[in-house]
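Here is what each chain is made of, one letter per residue.
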Amino acid sequence: MISIAIDGPSGSGKSTISKILAKKLGFLTLDTGALYRAAAYYFLNNNINYKIKDKVVNNLKNINISVNHDKNAQLIYLNGKNITNFIRTPEVSSAASDISAIPEVREFLINIQRDFAKKHNVVMDGRDIGTVILPNADVKFFLTASPNARAKRRYNQLMEKNSSKKIKLEDIIDSISNRDFNDSNRKISPLTADKDAIIIDNSLLNLEETVDVFLNAIKERVNIETK
Ligand code: DC
């Protein structure tokens, strides 16, 4: 099986790029942030205080997360229920960032990620894919962009979806900076580029240009046809 690892901070476009690459390569995607989000959703939905580490750790045994693909779209199930559409709220984002700093939570989610790569050719995106989850990935990328560039992209996405809501760019920059700080400074598996990773800063690249940089790097390293 072939695996492509893409790590990087929130809003760098990892998921979008992963989906495009997977389509071109005929691979599946695994957006691993969705696994942390699914666990966070469990705590929020059951009114369990996720800020108390013991409560989180003691409840992991009650959580069963699985992933399925429907026409290449990733679906996430929590205890048998499809929760794909409920895990993109700001509350879930913030709780996911908090619980992802707990070593037992990370350990709990390792197997689902590694098993997936054993069974499928995959483009897997997250924060520690190249460093921890798939240290032998065929190609490793670290995709980043300035906080302002990432915040502007998220702002535009949100405006498209909720044009009636008042959204402030400064609030998004704050939230991205907070998550960057949390994700990069936690003791376990902090967000960092693996020594073998190809580092791509796409602050000044559009989507098409970014995809080209990825595809060229993949073709140089893996003998594979693209669609
Ligand atoms: O990529 P995302 O925004 O959906 O991720 C949600 C949170 O999960 C993010 O704050 C960091 C965490 N995460 C992680 O620690 N490791 C991963 N491989 C993926 C996500």
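Higher on the page you've got the structure.
Residues numbered from 1 in each chain as written. Predicted model: local features only at pLDDT ≥ 70, side-chain atom pairs only at ≥ 80, totals over all residues. Heavy atoms only, no water.

Give a detailed account of the site of the ligand, specifying residues and quantitative values.
Of all residues adjacent to the ligand, which total 15 residues, the nearest are T32, R37, R106, R127 and R186. Interatomic distance of 3.5 Å between a side-chain N/O atom of S100 and an oxygen atom of the ligand. At a separation of 3.0 Å, an oxygen atom of the ligand approaches a polar side-chain atom of R179. Of all elements in the fold, only α2 (33–45), α4 (90–99) and α8 (169–185) reach the threshold of two or more residues within the shell around the ligand. Considering only residue class, the shell around the ligand consists of 2 nonpolar, 5 polar and 8 charged. (Near = heavy atom within 4 Å. Polar contact = N/O pair within 3.5 Å; in protein donor to acceptor, adjacent residues only side chain to side chain. Helix = DSSP H or I, 4+ residues; strand = E, 2+ residues; numbered from the N terminus. Nonpolar A, V, L, I, M, F, W, Y, C, P; charged D, E, K, R; others polar.)

Explain the sheet that holds strand β5 (residues 81–82) residue by residue, including any values.
With antiparallel pairing, 3 strands are arranged side by side in an open sheet as β3-β4-β5. Strands at the two margins of the open sheet, each flanked by one partner only, are β3 (65–70) and β5. Where strand β4 (residues 73–78) lies against β5, 2 bridges are found, and the strand directions are antiparallel. Of the residues in β5, the one forming a bridge with L78 is K81. Strands in contact with α2 are β3, β4 and β5; relative to β4, the strand with the most contacts, it is inclined by about 30 degrees. (Pairing = 2+ DSSP bridges. Contact = heavy atoms within 4.5 Å. Axes fitted to C-alpha atoms, helices over the stretch in contact; angles between N-to-C directions.)

Summarise the side chain of D180; cite the residues concerned and give the values.
Tracing the sequence through the fold places D180 in helix α8. With a relative accessible area of 14%, D180 lands in the buried category. Setting aside chain neighbours within four positions, we find D180 in contact with P9, S10 and R150. (Buried < 20%, exposed > 50% of the residue type's maximum accessible area, 1.4 Å probe, protein only.)

Tell me about the side chain of N202, residues and numbers included.
Position of N202 among the secondary structure elements: in the loop between β8 (198–201) and α9 (207–221). If we ignore the near neighbours within four places in the chain, the residues touching N202 are S12, L143, T144, A145, R153 and T210.

Describe the sheet that holds strand β1 (residues 3–7), and please don't skip the residues or the numbers.
Spatially, the 5 strands line up as an open sheet ordered β2-β6-β1-β7-β8, and their pairing is parallel. Every other strand in the sheet has two partners, leaving β2 (28–31) and β8 as the edge strands with one partner each. Adjacent strand axes in the sheet meet at a mean angle of 20 degrees when their direction is disregarded. Alignment of strand β7 (residues 139–144) against β8, held across 4 bridges, turns out to be parallel. By the bridge assignment for β8, F141 is matched with I198. Against the sheet, helix α1 (residues 14–25) contacts β1, β2, β6 (122–126) and β7, and its axis sits at roughly 175 degrees relative to β6. Sitting on the sheet, α9 is in contact with β1, β7 and β8, with an inclination near 160 degrees to β7.

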